[in-house]
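Residues per chain, in single letters:
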Amino acid sequence: MATPVSHFFAYISRLRWIRRWGLMRNAIEENVATHSWEVATIAHALALIRNREFNGQVNADRIATAALYHDATEVITGDLPTPVKYHSSSMRAAFSTVEHKAEDELLDLLPSGLRGDFAEYIKESEWPDDTKAIIKAADRLSAWFKCQAEINAGNTEFEPAAIKIMERLQADPLPEVHYFLEVFAPSYSQPLDHLLGD
């Protein structure tokens, strides 16, 4: 008997069409697929930094994979802007319910034999606390880099968001976040010629 066709990856591939920062005027468009890749690379780095510099014991590869899928449900829900999502506790609770249903719908698109393998990455509520914390920090770093890129492009609309995000990053208890800000973040604002050493 043939395995039924699965639409899972066709859905995932459409993350490139989901725009982020929908309430803001953007000089540089960002989509969920690009954002997810950046969050995954930063989360992977944060996990490795924790293990190498701060005696951590986290699985960097699993964290990177979970980060790749951290916004996968947005292919169903769209990108709900943070001010809307966190407007009130009732809004956050309602959106959480929608996210859980979207997770289940995505998993149901997979062949049954693969659902368990993907569930640990798609279902954020089942992530270990250290995975959640690292991916949240990576997500926040990615948002701050986006704000900086917009500001450098002359878009002052992102200045208040940049300030709020940096305040949260500075208050983050994870030492790997502060390491990343000190060691890697300064290069993000450099022009390519400077990065190449010219």
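Residues numbered from 1 in each chain as written. Predicted model: local features only at pLDDT ≥ 70, side-chain atom pairs only at ≥ 80, totals over all residues. Heavy atoms only, no water.

Digging into unusual backbone geometry
Even without being glycine, Trp21 reaches a positive phi, approximately 60°. Looking at the element boundaries, Trp21 is found in the loop between helix H1 (8–13) and helix H2 (32–53). Unusually for a residue other than glycine, Asn55 sits at a positive phi of about 55°. Note that Asn55 resides in the loop between H2 and helix H3 (60–68). (Helix = DSSP H or I, 4+ residues; strand = E, 2+ residues; numbered from the N terminus.)

Things to note about a nonpolar patch on the surface
A cluster of nonpolar side chains, namely Val183, Phe184 and Tyr188, defines an oily patch on the protein surface of about 270 Å² accessible area. Following the sequence through the fold, Val183 ends up in helix H10 (residues 175–183). The exposure class assigned to Val183 is partly exposed, which follows from its relative accessible area of 42%. (Patch = residues over 30% accessible without salt bridge, like charges linked within 9 Å, V, L, I, M, F, W, Y side chains within 5 Å. Areas by Shrake-Rupley, 256 points an atom, 1.4 Å probe, with all protein chains shown as cover. Salt bridge = Lys/Arg side-chain N within 4 Å of Asp/Glu carboxyl O. Buried < 20%, exposed > 50% of the residue type's maximum accessible area, 1.4 Å probe, protein only.)

Some points on the environment of Thr3
Of note, Thr3 is situated in the segment before H1. C-alpha of Thr3 to C-alpha of Ser112: the two residues are 109 residues apart in sequence and 10.0 Å apart in space.

Quick word on H3
Regarding H3, the residues found buried are Ala60, Ile63, Ala64, Ala66 and Ala67. Angular distribution of buried residues about the axis of H3 spans 165°; they occupy a single face of the element. Here the buried face of H3 lies against H2, helix H7 (112–122) and helix H8 (129–152). The N-cap of H3, judged by a side-chain oxygen 3.1 Å from the amide nitrogen of Asp61 a few residues on, is Asn59. (Arc of directions from axis to C-beta. Contact = heavy atoms within 4.5 Å. Polar contact = N/O pair within 3.5 Å; in protein donor to acceptor, adjacent residues only side chain to side chain.)

Some remarks on the pattern of salt bridges
Counting across every chain of the model gives nine salt bridges. Residues Glu99 and Arg92 are paired through a salt bridge, measuring 3.6 Å at the closest nitrogen-oxygen approach. Glu99 sits in the buried class, given a relative accessible area of 17%. We note a salt bridge from Lys123 to Glu103, for which the minimum N-O separation is 4.0 Å. Taken together, the residues span a long stretch of sequence, with Lys123 in the loop between H7 and H8 and Glu103 in helix H6 (residues 89–108) at a distance of 20 residues. For the pair shown, Lys123 and Glu103 are each scored as buried. Connected via shared salt-bridge partners are Arg20, Glu30 and Asp71.

Some remarks on the packing of H2 against H8
Viewed as axis vectors pointing N to C, H2 and H8 meet at an angle of 125°, and their least axial separation amounts to 8 Å. When the axis of H2 is compared with that of H8, the two are oblique. The chirality of how H2 crosses H8 is right-handed. Facing H2, whose interface residues are His35, Glu38, Val39, Ile42, Ala43, Leu46, Ala47 and Arg50, H8 presents Asp130, Ile134, Ile135, Ala137, Ala138, Asp139, Leu141, Ser142 and Phe145. Looking at the contact of H2 with H8 residue by residue, the classes come out as 11 nonpolar, two polar and four charged. (Axes fitted to C-alpha atoms, helices over the stretch in contact; angles between N-to-C directions. Parallel < 35°, antiparallel > 145°, perpendicular 65-115°, else oblique. Left-handed = near helix turned anticlockwise from the far one by under 90°. Nonpolar A, V, L, I, M, F, W, Y, C, P; charged D, E, K, R; others polar.)

Describing the packing of aromatic side chains
Inspection of every chain in the model, using the stated rule, returns 12 aromatic pairs. Taken together through their ring pairs, the aromatic side chains of Phe54, Trp144, Phe145, Tyr179, Phe180, Phe184 and Tyr188 make up a single cluster. (Phe/Tyr/Trp six-rings, centres within 6.5 Å; stacked < 30°, edge-to-face > 60°.)

Such coordinate-based values are descriptive only and should not be taken to indicate function.
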